[in-house]
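# Residue-level structural notes
Given next are the chains, with one letter for each unit.
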Amino acid sequence: MRPVPPRRRIIVAGGGIGGLTAALGLARAGREVTLLERAGDFGAVGAGLQITPNGAAVLSALGLGPALDAAGLRAAAVVPTDGLTGRPIARFDLSGRDYRFLHRADLIDLLAEAVRREGVEIRHGTELVSAGADGHVSTADGRDLQAGLVVGADGIRSTLRGLLRPGEAPFFTGQVAWRAVIDAPDQPAEARIWMLPGRHVVTYPLPGGRLNIVAVREQGGWAPEGWDHPDDPDNLRSAFADAAPELRGWLGRIGAVRLWGLFRHEVAPRWHDGARVLLGDAAHPTLPFLAQGANLAIEDGWVLADCLAREAGHEAALARYQALRRPRVVRAIAAANANARNYHLRGPARRVAHLGLGLLGRVAPGRFLDRMDWLYGYDATRDTGVAGRA
């Protein structure tokens, strides 16, 4: 067997959803791919996530539709709810839309299995510490690697982003979030958005009779040493002590909870430099107010692989990738930021907004989702290239 030319070798730093999607697409396009993951194994980490139609379109094109069906629940509706009273404000039907709830670990597992089938080498316990514009990579365990392209899919604390934009630091958004999963069988397949002054909670069911809970509160400061750590569930319960009884009941059953400060960078003005390119949160950290972090990273992975398959040179491919992706993620992040404001309204503005949302739900419920068709109706695979061929 002839050795693969170095230019055809690609190193993906980060074994999250975006990194695995990119590795799968790149391997399908005939590249030799090595994936570096700092954790010793993927493990059952994280909590629930929502795969919206735009993300599902890519996963289906990669041949993962049946696995996705087996791993997730089809969502029936989104239900904005007054978090103080428990009264549903509106109900927006999701039937007929490819919208799913599943656990992050289950999605990681099915992506990891797919990339292994494609011959991707996964190196666990391997952390990238340096990557040059020439594709030379150094790892924390003293290894030196060479590739034609290094993909930084290593999250908001991306080492590669720091190398492309040294000295840049993420900024605290003034919000913190808790996440937890509890046993709660027989829940309807609905995402409920419990809106309270200065706070909100999102709940939705997961396979196996579980309920995913993400709670966000506005907060003036955050300890810089803390990104994501265990917290006392009583702190969460105290923050929502005035919530509706049903919600308080679920919070009262939480035995373990994670807390993290919501930080973000501005969207990087340039995502690539020589043989280095950013993807997912490394390029455009997204706040959890539109359920798009994983979905945008999945889109990124497809588009990057497709651009590299179509363009003869890396520079042209990476420029095309950024040109296709950056305007879209900027718009999605702006929409997520708007949701952060709308979920936390106070006083008269809150009452007016809830009345308007309720009226829309009664008179023209389809318009709510139609307004989001630019997001959910987007299909990164429509202009299909060889990256999608099994």
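Residues numbered from 1 in each chain as written. Predicted model: local features only at pLDDT ≥ 70, side-chain atom pairs only at ≥ 80, totals over all residues. Heavy atoms only, no water.

### Digging into the overall build of the protein
- In terms of regular secondary structure, the protein is built from 12 helices and 20 strands.
- Its C-alpha atoms give the protein a radius of gyration of 21 Å, near enough to 21 Å, the size a compact globule of 390 residues would have.
- With the C-alpha coordinates of the protein rotated into their principal frame, the extents come out at 65 × 45 × 35 Å.
- For the protein, the proportion of its 390 residues judged to be buried stands at 55%. (Helix = DSSP H or I, 4+ residues; strand = E, 2+ residues; numbered from the N terminus. Rg over C-alpha atoms; globule rule 2.2 N^0.38 Å. Buried < 20%, exposed > 50% of the residue type's maximum accessible area, 1.4 Å probe, protein only.)

### Focus: the confidence of the model for the protein
- Here the protein averages 91 in pLDDT, and 94% of its residues register 70 or above.
- Confidence over residues 384-390 falls short of pLDDT 50; this stretch has 21 contacts with residues more than four positions distant or in other chains. (pLDDT = per-residue confidence, 0-100. Contact = heavy atoms within 4.5 Å.)

### With respect to the packing of helix H2 (residues 53-61) against helix H8 (residues 293-310)
- It is the contact of H2 with H8, at a shortest axis distance of 8 Å, that shows an interaxial angle of 40 degrees. Relative to H8, the element H2 is oriented oblique. Crossing angle aside, the handedness with which H2 passes H8 is left-handed. Listed contacts from H8 to Asn-54, Gly-55, Val-58, Leu-59 and Ala-61 of H2 are Asn-295, Ile-298, Glu-299 and Trp-302.
- Here the residues of the contact of H2 with H8 are counted per class, giving 5 nonpolar, 3 polar and 1 charged. (Axes fitted to C-alpha atoms, helices over the stretch in contact; angles between N-to-C directions. Parallel < 35°, antiparallel > 145°, perpendicular 65-115°, else oblique. Left-handed = near helix turned anticlockwise from the far one by under 90°. Nonpolar A, V, L, I, M, F, W, Y, C, P; charged D, E, K, R; others polar.)

### Concerning the pairing of strand E14 (residues 190-196)
- Of all 7 residues in E14, 7 are buried; the element is thus mostly enclosed.
- Side chains Glu-190, Arg-192, Trp-194 and Leu-196 of E14 all project onto a buried face; the interleaved residues Ala-191, Ile-193 and Met-195 project onto the opposite face, where all are buried too.
- The pairing of strand E5 (residues 77-82) with E14 spans 6 bridges and is parallel. Within E14, the position partnered with Ala-77 by the bridge is Glu-190. (Pairing = 2+ DSSP bridges.)

### A closer look at the sheet that holds strand E11 (residues 144-146)
- Taken together, 3 strands build an open sheet; the order of strands is E9-E10-E11 and the sheet is antiparallel. The open sheet has two edge strands, strand E9 (128-131) and E11, and neither has a second partner. Within this sheet the neighbouring strands show an average axis-to-axis angle of 25 degrees, counted without direction.
- Pairing geometry for strand E10 (residues 136-139) and E11, over 3 bridges, is antiparallel. Residue His-136 lies in a different strand from E11, and its bridge partner there is Gln-146.

### A word on the nonpolar core
- Ranked by internal contacts, the top residues of the largest apolar core, which has 100 residues, are Val-12, Ile-51 and Leu-107.
- Here this core gets 10 residues from one element, more than from any other, and that element is helix H9 (residues 314-343).
- Beyond its immediate sequence surroundings of up to four residues, Leu-107 is in contact with Ile-17, Leu-49, Ile-51, Leu-59, Leu-68 and Leu-102.
- Formed by 24 residues, the second largest nonpolar core is a distinct cluster that contains Ala-180, Leu-196, Trp-222 and Leu-259. (Core = buried A, V, L, I, M, F, W, Y, C linked by side-chain atoms within 4.5 Å.)

### Overview of the packing of aromatic side chains
- Following the criterion strictly, the structure yields 6 aromatic pairs and no others.
- For the ring pair Phe-101 and Tyr-204, a centre distance of 4.8 Å and an interplane angle of 25 degrees mean the geometry is stacked. With Phe-101 in strand E7 (residues 100-103) and Tyr-204 in strand E15 (residues 199-206), this residue pair connects regions lying 103 residues apart in the sequence.
- Overall, Phe-101 belongs to the buried group, its relative accessible area being 0%.
- Seen from their ring centres, Trp-194 and Trp-250 are 5.9 Å apart, and the 85 degrees between their planes marks the pair as edge-to-face. Separated by 56 residues along the polypeptide, Trp-194 in strand E14 and Trp-250 in helix H7 (residues 245-252) bring together distant segments of the chain. With respect to class, Trp-194 is no different from Trp-250; both count as buried. (Phe/Tyr/Trp six-rings, centres within 6.5 Å; stacked < 30°, edge-to-face > 60°.)

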